[in-house]
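Here is how the chains run, residue by residue.
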Amino acid sequence: MDFSGFNSSEQAHMNKIIEKKQMQDFLRLYANIVERCFSSCCNDFTSKALSSKEETCVNSCTEKFLKHSERVGSRFAELNADAMAAGQKPS
């Protein structure tokens, strides 16, 4: 984002807002991974440790979730760039 029209105080404030939003997004992603993978993979509570099957499932689930999130983010960025380029072209 271009904050060149803002003074330094306003720029710092906007940067703090963006950093806070990014942290919230990261924590939401982390919570979603934990919830989804725990619910899908962990069903034997007779031991404190994960079984090898559960551990493999959690690793696979986490990897899939992160790859999916990365792909969605990339696709969103592509679409956003296309929309910005289309909006900047002379009509």
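Preceding this section is the structure that the text describes.
Computed from a predicted model, the values in this text were never measured in an experiment.

Enumeration over the complete set of coordinates arrives at two disulfides. For C37, the disulfide goes to C61, at an S-S distance of 2.1 Å. Note on the C37 and C61 pair: the S-S dihedral is about -90°, so by sign convention the disulfide is left-handed. Of this pair, C37 sits in helix α1 (residues 8-41) while C61 sits in helix α2 (residues 52-88), placing them 24 residues apart in sequence. Looking at C37, the relative accessible area reads 3%, which means it is buried. Here C41 engages in a disulfide with C57; their sulfurs sit 2.0 Å apart. Between C41 and C57 the disulfide shows an S-S torsion of about -65°. By sign, it is left-handed. Highlighted residues: C41 in helix α1 and C57 in helix α2, separated in sequence by 16 residues. Given a relative accessible area of 5%, C41 falls into the buried group. The connectivity of the disulfides in the protein is 1-4, 2-3, where the numbers refer to bonded cysteines in sequence order. Its sulfur unpaired, C42 is 6.1 Å from the next cysteine sulfur, which belongs to C41.

So, how was this worked out
- Residues numbered from 1 in each chain as written.
- Predicted model: local features only at pLDDT ≥ 70, side-chain atom pairs only at ≥ 80, totals over all residues.
- Heavy atoms only, no water.
- Disulfide = S-S within 2.5 Å.
- Helix = DSSP H or I, 4+ residues; strand = E, 2+ residues; numbered from the N terminus.
- Buried < 20%, exposed > 50% of the residue type's maximum accessible area, 1.4 Å probe, protein only.

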